[in-house]
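# Architecture and fold: a report
The residues making up each chain are set out below.
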Amino acid sequence: MKKILMILCSLVSLAKAQEVINLYPDTIPNATDKDQVLLEKNIPKLFVYTPAESAAQNIAVLVIPGGGYAHIAMDHEGHAVAKELVRNGYSAYVLQYRLPSPNIMRDKSIGPLQDAQRAVQLIRVSNPQFKKVGVIGFSAGGHLASTLVTKFKKEYITNPSHVSLRPDFAGLIYPVISMQNDVTHKGSKINLIGENPSEELVQLFSSDLQVSPEVCPVFFVHAKDDKSVPIENSYRMMAALDKVHVPNTIYVFEQGGHGFGLINKTSEKKWFDAFLSWMSTLN
């Protein structure tokens, strides 16, 4: 009975983040001087999940939930994913990023990316023992993850020590990739870069057009019947990665639509197991 209670207690301890970190304890970059900036919902945070020392892989994964840049699906695309990572020995950091808004940002297009870069910076500085720091993003969070992996050479935050902002690997799960009208998710595009963005801005935030040979390996998940974010988004990014010989692979579902998180109820197959297996093969 005592052993059972100990197991139950350990499972309960995994149900919540062990620590919550404010990304910017002092000044939030790119912030306006409006009162909304200081509302609790607008303060970006990291929720930290740490595995038992005996199970630790010394690999960290930044988890970026989606929500169309209008809200953040923190539970099924954030905390639930972190718990699964922890059960498999990975450290996980769930990002609550600022939603793009002119009320709280001078330039709303770069606000979420600043928070993602800051998260990578914090993870590397606070835990230099990590062998790798990767990212997994869902939907619009997949877009944010894709901008993180393609724009690492430009520092959108203060980084005097030049800590590497490049993720070592990425999982892009039914991701928004392109801002081009024929395949983009309209809501994500409008929320991030506006109703009538310039062609330059469209190209800058179409991640398939920003790929370089230094981009990290990428694992994609997408359903063919996704009507919200067409699978063509993943295909375009894969084609761009192939062109510069960056390793990538895709786990395709025939059905499942959009936003299924860890479990696609139309299939018995579990993409997350394939993702874990893929991660284990990385050098």
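Read on for a plain summary of the structure.

Definitions and limits used
Residues numbered from 1 in each chain as written. Predicted model: local features only at pLDDT ≥ 70, side-chain atom pairs only at ≥ 80, totals over all residues. Heavy atoms only, no water. Buried < 20%, exposed > 50% of the residue type's maximum accessible area, 1.4 Å probe, protein only. Helix = DSSP H or I, 4+ residues; strand = E, 2+ residues; numbered from the N terminus. Pairing = 2+ DSSP bridges. Phe/Tyr/Trp six-rings, centres within 6.5 Å; stacked < 30°, edge-to-face > 60°. Salt bridge = Lys/Arg side-chain N within 4 Å of Asp/Glu carboxyl O. Axes fitted to C-alpha atoms, helices over the stretch in contact; angles between N-to-C directions. Left-handed = near helix turned anticlockwise from the far one by under 90°. Contact = heavy atoms within 4.5 Å. Nonpolar A, V, L, I, M, F, W, Y, C, P; charged D, E, K, R; others polar.

Before going further, it helps to examine the pairing of strand β7 (residues 218-223). With six of six residues buried, β7 is to be regarded as a mostly interior element. Burial along β7 is two-sided: V218, F220 and H222 and F219, V221 and A223, pointing in opposite directions, are all buried. Of the pairings in the sheet, the one linking strand β6 (residues 170-173) to β7 comprises four bridges and is parallel in character. By the bridge assignment for β7, G171 is matched with F219. Note that β7 and strand β8 (residues 248-253) share six bridges and pair parallel. Bridge pairing in β8 links F219 to T249.

As a further point, take the packing of aromatic side chains. As enumerated under the stated definition, the model contains 14 aromatic pairs in all. Measuring from ring centre to ring centre gives 6.1 Å for F138 and W271, while their planes differ by 65 degrees; the resulting arrangement is edge-to-face. Taken together, the positions of F138 in strand β5 (residues 132-138) and W271 in helix α8 (residues 271-280) put the pair 133 residues apart, joining distant regions of the chain. Exposure remark for F138: the relative accessible area of 0% places this residue in the buried category. Measuring from centroid to centroid gives 4.9 Å for Y174 and F260, while their planes differ by 70 degrees, and the two rings are edge-to-face. Here the residue Y174 occupies a position in the loop between β6 and α5 (186-193), and F260 occupies one in the loop between β8 and α8, the gap between them amounting to 86 residues. Within the aromatic cluster, the residues linked to one another by ring pairs are F138, F169, Y174, F219, Y251, F253, F260, W271, F272, F275 and W278.

Another point: unusual backbone geometry. With phi around 35 degrees, Y174 is a residue other than glycine that occupies positive phi space. A positive phi angle is found at H245, which is not glycine, with a value near 65 degrees. Tracing the backbone shows H245 in the loop between α7 (232-243) and β8. Look at H245 and you get exposed, because its relative accessible area is 71%.

Moving on to the pattern of salt bridges. Per the counting criterion, the structure on display carries nine salt bridges. Measuring nitrogen to oxygen at the nearest pair gives 2.9 Å for the salt bridge that ties E40 to K45. Classification of K45 as buried rests on a relative accessible area of 8%. One salt bridge connects D115 with R98, and the closest N-O pair in it is separated by 2.9 Å. Linking D115 in helix α3 (residues 111-126) with R98 in the loop between β4 (91-96) and α3, this pair joins segments that are 17 residues apart in sequence. Classification of D115 as buried rests on a relative accessible area of 0%. Through salt bridges with shared partners, a single network forms among R124, R166 and D168.

As a packed pair, α3 and helix α4 (residues 140-150) sit with axes 10 Å apart at the nearest point and diverge in direction by 65 degrees. Crossing of α3 against α4: the hand is right-handed. Between α3, through P112, L113, A116, Q117 and V120, and α4, the contact on the second element is made entirely by L144, T147 and L148. Looking at the contact of α3 with α4, its residues break down into six nonpolar, two polar and no charged.

It is worth stressing that arrangement in space is one thing and function is another; only the former is reported here.
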